[in-house]
Amino acid sequence: MGRKLKRNLFLALTIVLSWQQMKANAQAVDSLDIKIGQMILIGFAKPDIDSAVLKEIRSGKAGSLLIFEKNIPAKSSFASLKKIIWTYQKAAPIPLIVAIDQEGGRVNRLKEKYGFTRSITAQAMGKSPSLDSVQFYADATAATLAGLGINLNFAPVVDLGSNPDNPIIAKVGRAFSSREDSVTLLAKEFIKQHRKYNVLTSLKHFPGHGSSKADTHLGMADVTATWEERELKPYKDLIDSGYVDAIMSAHIVNKKLDSIGNPGTLSKAILTGILRQRLHFNGVIFSDDMQMHAITKHYGFEEAVKLAIQGGVDIMIFSNNISGSDVRTVDKVHAIIRSLVDRGIISPARIDESFRRVMRLKKQIVAPEKTATLKKSLNQKDVEIATLKQQLAEKEAEVSKLKSVQESEKESTSKKKRKKKNKK
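Rules of the game
- Residues numbered from 1 in each chain as written.
- Predicted model: local features only at pLDDT ≥ 70, side-chain atom pairs only at ≥ 80, totals over all residues.
- Heavy atoms only, no water.
- Buried < 20%, exposed > 50% of the residue type's maximum accessible area, 1.4 Å probe, protein only.
- Helix = DSSP H or I, 4+ residues; strand = E, 2+ residues; numbered from the N terminus.
- Pairing = 2+ DSSP bridges.
- Axes fitted to C-alpha atoms, helices over the stretch in contact; angles between N-to-C directions.
- Left-handed = near helix turned anticlockwise from the far one by under 90°.
- Contact = heavy atoms within 4.5 Å.
- Nonpolar A, V, L, I, M, F, W, Y, C, P; charged D, E, K, R; others polar.
- Expected span 1.5 Å × (residues − 1).
- Arc of directions from axis to C-beta.
- pLDDT = per-residue confidence, 0-100.
- Salt bridge = Lys/Arg side-chain N within 4 Å of Asp/Glu carboxyl O.
- Polar contact = N/O pair within 3.5 Å; in protein donor to acceptor, adjacent residues only side chain to side chain.
- Core = buried A, V, L, I, M, F, W, Y, C linked by side-chain atoms within 4.5 Å.
- Right-handed = clockwise from strand over helix to strand, strands pointing away.

> Help me understand the pairing of strand 9 (residues 246–249) in this model?
Walk down a regular strand and you will see the side chains alternate between the two sheet faces. Burial of the side chains of strand 9 extends over both faces: Ala 246 and Met 248 are buried on one face and Ile 247 and Ser 249 on the other. Sheet topology note: the strand 7 (residues 200–206)/strand 9 ladder contains 3 bridges and is parallel. Residue pairing across strands places Ser 202 opposite Ala 246, the latter belonging to strand 9. Across 3 bridges, strand 9 lies against strand 11 (residues 284–289) in parallel orientation. Bridge pairing links Ile 247 to Ile 285 in strand 11.

This is the structure we're talking about:
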């Protein structure tokens, strides 16, 4: 074999190996794990940086964070909590959704005893003769959240106060009103004040928790006999008028809407059939807490995760805040979702749907000066893949050219051999 041919074969082998390595890198770049991580929201245990949570956020296995009262330091509460949130946010490869349930009244994490602004219930806001009350308290809440670095409030509640004995809605003042038009009007004002400070909101609890007689924190609530069609009206009106950033599902059973009897969070008929298709909502759907007993006492953990994703949930909440619930580590949740995809139970396309919705929502919460950084973070992998594809195409062309040269040299060598043979 000629020296030139050997050299060309060695070069071809090098290019082929390089090509294979590029293919492996390209596969690693567009990581399904990152997309799955954006579907997981977690709470953490203490009023300080949790090293395990920080690691999970840094690795991209959790894309959102939930703040509870237990996370608020007793001293210098505002500055200390802001530092905690900032530390987590800085560690995230893609900006975090940092959420809180700050409705006012009973559902109020940022209490006066920590030096935060006083809040009142939705019911109290609804009883005011004007909109001044909801505007004032929503403005104060949103300004506080923005200052802390909290960018999403799981509020307002748009459940109707239709059952005055409801232990988790009306009896604790979480409903603006029993009238759907009043709920819509007050909720819109609440949302407007948050938007002034670039704080997003999430309506809850779809498709309506106001008529229930039970608390889903403690077990299953069935509203089949009490739910009314008008409970959908605040959602429809707010979606149609462009005032919905996100929606949280309810763990209630409503066989009028889901004949199988799955709770709203796990119901494709409710989340996809009604919310997506009928009401035309294409934003992010959050689950209510997946560790609440309405879910954990009736469904296996993997089954609940599967049904939630198949139903239409984009971000699942694991608060680590429910008494008596098993510990749900991020690694376990992430591994279950990954396994569901690898086994073909959940399609990669379904994960992509949620990823796109979450990215659109996150684009809204990033400060203008950081928008370019976020876009770069979100697009970097696609750019790298495009570059690798171009390089692979070039390498393929080089390999093809070398093969052509090799064939030509082989043919030339064969001709020379034949000439020598003929001379003999």
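> Is there a simple way to explain the packing of helix 6 (residues 132–148) against helix 7 (residues 180–196) in this structure?
Any two packed helices are characterised by the angle at which their axes cross and by the distance between the axes. Across the interface, helix 6 lies against helix 7 with an axial gap of 8 Å and an inter-helix angle of 35°. Crossing of helix 6 over helix 7 shows right-handed handedness. In contact with Val 134, Gln 135, Ala 138, Asp 139, Thr 141, Ala 142 and Leu 145 of helix 6, helix 7 contributes Leu 186, Glu 189, Phe 190, Gln 193, His 194 and Lys 196. In the contact of helix 6 with helix 7, the residues fall into 6 nonpolar, 4 polar and 3 charged.

> Sorry, what's going on with helix 4 (residues 77–91) here?
Count 3.6 residues to each turn of an α-helix, and residues three or four apart come out pointing the same way. In this model, helix 4 (15 residues) spans 21 Å end to end at C-alpha, consistent with the 21 Å of a helix rising 1.5 Å per residue. Every buried residue of helix 4 is accounted for by Ser 77, Leu 81, Ile 84, Ile 85, Tyr 88 and Ala 91. The buried residues of helix 4 all sit within an arc of 135° when viewed along its axis, so they share a single face. Facing away from the buried side of helix 4 by over 90 degrees, the exposed positions are Ala 79, Lys 83, Trp 86 and Lys 90. Against helix 3 (51–58), strand 2 (64–67), strand 3 (97–100) and helix 6 lie the buried residues of helix 4.

> Is there a simple way to explain the sheet that holds strand 2 in this structure?
Across a sheet, strands are paired by hydrogen bonds formed along the backbone, either parallel or antiparallel in direction. One closed barrel accounts for 8 strands, arranged 1-2-3-6-7-9-11-12; its pairing is parallel. Sheet topology note: the strand 1 (residues 40–43)/strand 2 ladder contains 3 bridges and is parallel. Note that in strand 2 the partner of Gly 43 across the bridge is Leu 66.

> Help me out: how do you make sense of the confidence of the model for the chain in this one?
In regions of low pLDDT, the predicted coordinates are not meant to be interpreted in detail. On average, residues of the chain score 86 in pLDDT, and 83% of them are at 70 or above. Long-range and interchain partners of residues 9–19, a stretch whose pLDDT sits below 50, account for 12 contacts in this model, where long-range means more than four residues apart. The low-confidence segment residues 21–30 (pLDDT under 50) makes 14 contacts with residues lying over four places distant or belonging to another chain.

> Any chance you could explain the pattern of salt bridges here in plain terms?
When the charged atoms of two side chains lie near each other, side chains of opposite charge can form a pair. Inspection of every chain in the model, using the stated rule, returns 25 salt bridges. The residue Glu 189 makes a salt bridge to Lys 192 at a minimum N-O spacing of 3.3 Å. Pair noted here: Glu 189 and Lys 192 are both in helix 7, with a separation of 3 residues, about one helical turn. By relative accessible area, which is 8% here, Glu 189 ends up buried.

> Help me understand the side chain of Arg 350 in this model?
Tracing the sequence through the fold places Arg 350 in helix 13 (residues 348–365). A polar atom in the side chain of Arg 350 sits 2.8 Å from the backbone oxygen of Val 313.

> Which parts of the structure should I look at to understand the environment of Thr 117?
Looking at where Thr 117 falls in the secondary structure, it is placed in the loop between strand 5 (107–108) and helix 5 (122–127). What makes Thr 117 partly exposed here is its relative accessible area of 42%. In this view, Thr 117 contacts Leu 110, Glu 112, Ala 140 and Thr 144; residues no more than four positions away in its chain are not counted.

> Whenever I open this one, the nonpolar core confuses me. Can you help?
For soluble globular proteins, nonpolar side chains are generally found buried alongside one another. Tyr 88, Phe 176, Phe 206, Ile 247, Val 305, Met 316 and Ile 337 are the most contacted members of the largest nonpolar core, which has 87 residues in total. Residues in contact with Ile 337, not counting those within four places in the same chain, are Ile 36, Ile 40, Val 305, Ile 309, Met 316 and Ile 351. Ranked by size, the runner-up nonpolar core spans 21 residues in total, among them Ala 99, Phe 154, Met 359 and Val 366.

> It is not clear to me how the environment of Phe 286 should be interpreted in this structure. Could you clarify?
Structurally, Phe 286 can be placed in strand 11. For Phe 286 and His 205, which are 81 residues apart along the polypeptide, the C-alpha to C-alpha distance reads 9.9 Å.

> Would you explain the pairing of strand 3 in this entry?
Side chains of strand 3 alternate between two faces, with Ile 97 and Ala 99 and Val 98 and Ile 100 buried alike. The sheet contact formed by strand 2 and strand 3 spans 4 bridges and is parallel. Its bridge partner being in strand 3, Ser 64 is matched across the sheet by Ile 97. Crossover strand 2 to strand 3 through helix 4 is right-handed. Sheet topology note: the strand 3/strand 6 (residues 152–153) ladder contains 2 bridges and is parallel. Note that in strand 6 the partner of Ile 100 across the bridge is Asn 153.

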